[in-house]
Amino acid sequence: MTVGGGATGAFTGSAAAVNLNGDLTLAVGSTWNKGAGTVTFGKNGAQTITDNTASKQDLGIVATSGTLNNSVSTATNIKAMSVTIYSPSILDISDDTITITGTGVPFYQGGTLISTNSTIEFTGNGATIPWDVNYNNLGLKPSSSSAQILQGNTFFISGNLTIGDGTNAGATGQLNSPDIFITGAMSISNGATFTQGSNLLNIDGTMTVGGGTTGTFVGSGALNLNGNLTLAVGSTWTKGTGTVTFGKGAAQVITENTASKQDLGIVATANPSTSV
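J.: When you look at the pattern of salt bridges in this model, what are you seeing that I'm missing?
T.: Any two side chains of opposite charge can pair, on the condition that their charged atoms come close. This structure, assessed with the given rule, holds three salt bridges. Linking Asp-58 and Lys-34 is a salt bridge whose minimum nitrogen-to-oxygen distance equals 3.2 Å. Placement of the pair is Asp-58 in the loop between β7 (46-51) and β8 (61-64) and Lys-34 in the loop between β5 (31-33) and β6 (38-41), with a sequence separation of 24 residues. You can call Lys-34 partly exposed: its relative accessible area is 39%.

J.: How do you make sense of the sheet that holds strand β15 (residues 112-114) when you look at a structure like this?
T.: Within a sheet, neighbouring strands are paired by backbone hydrogen bonds and run either parallel or antiparallel to one another. The strand order β1-β4-β7-β9-β12-β15 describes an open sheet built from six strands, whose pairing is parallel. Each edge of the open sheet is held by one strand with a lone partner, namely β1 (2-3) and β15. Sheet topology places strand β12 (residues 90-92) next to β15; three bridges connect them, and they run parallel. Paired with Asp-92 across the two strands is Ile-114, which belongs to β15.

J.: What is the right way to read the sheet that holds strand β17 (residues 128-129) from this model?
T.: What the six strands build is an open sheet, ordered β17-β19-β22-β25-β28-β31; its pairing is parallel. Single-partner strands in this sheet number two, and they are β17 and β31 (236-238). Where strand β22 (residues 171-172) and strand β25 (residues 193-195) come together, two bridges link them in parallel fashion. The partner of Thr-172 across the bridge, within β25, is Thr-195.

J.: Got a minute to help me understand unusual backbone geometry in this structure?
T.: In this structure, the amide linkage connecting Ser-87 to the following residue, Pro-88, adopts the cis form with an omega of 5°. Within the secondary structure layout, Pro-88 lies in the loop between β11 (82-85) and β12. Despite not being glycine, Asp-95 shows a phi value in the positive range, around 70°. Inspection of the secondary structure assignment puts Asp-95 in the loop between β12 and β13 (97-100). For Asn-153, which is not glycine, the phi torsion reads 80° and is therefore positive.

Each value, and the rule that gives it
- Residues numbered from 1 in each chain as written.
- Predicted model: local features only at pLDDT ≥ 70, side-chain atom pairs only at ≥ 80, totals over all residues.
- Heavy atoms only, no water.
- Salt bridge = Lys/Arg side-chain N within 4 Å of Asp/Glu carboxyl O.
- Helix = DSSP H or I, 4+ residues; strand = E, 2+ residues; numbered from the N terminus.
- Buried < 20%, exposed > 50% of the residue type's maximum accessible area, 1.4 Å probe, protein only.
- Pairing = 2+ DSSP bridges.

Here it is, written out as structure tokens:
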């Protein structure tokens, strides 16, 4: 299915389902007006989604069929209200960004997600972020003031975690208290707040709070930092009852650029070889 072929071209969905057994291509300048029906990629073989528009089109409710040998790949960044990967389907978003705009729990991984060098961004206000997804980079970026809610259990993020879009609210782990393990860096953007749950937050890379005039981290459980910590001008650190442990086993740096220095709470080094 191809939409557009020059400067325009539009598809308008409805409540009816759209079943695609071939590739989907949105040409430059085209428009996709999502409907309430599910867009299902159901080929017994490989399919590709290509969105060449400048501001990616919201495809709406997207699902794989779960049929044998069903494998869907992105060739560009894409946007959808929700995505469901039914087993044994494969969704390969390697090197691309997929933006999820829906609320509720807008992503379900029942099949296989290949996420090498990819980013999944959630922008729905108050959306619930599932834990059982093969995340590389994860962006929690609600488009308004309703913080997103992390599910319980354990999050494994093999890339970076970014909280906020530079303007709006962030996310909270307070309600469900998941353990969170981040291989890369964690950044809390200007205007955003991240509220930790009572369980462990472990960051192998750097942690940065703020990036303009605001940005807030609210602590609770244990926080293990294996990289540098930076508090930007205007940021806020609300200490929790858990210990902030610097555990790299080598040199780490704390940079505190706020006017009235923030109380980090209970601070410790993990072993004698850590130098802060």
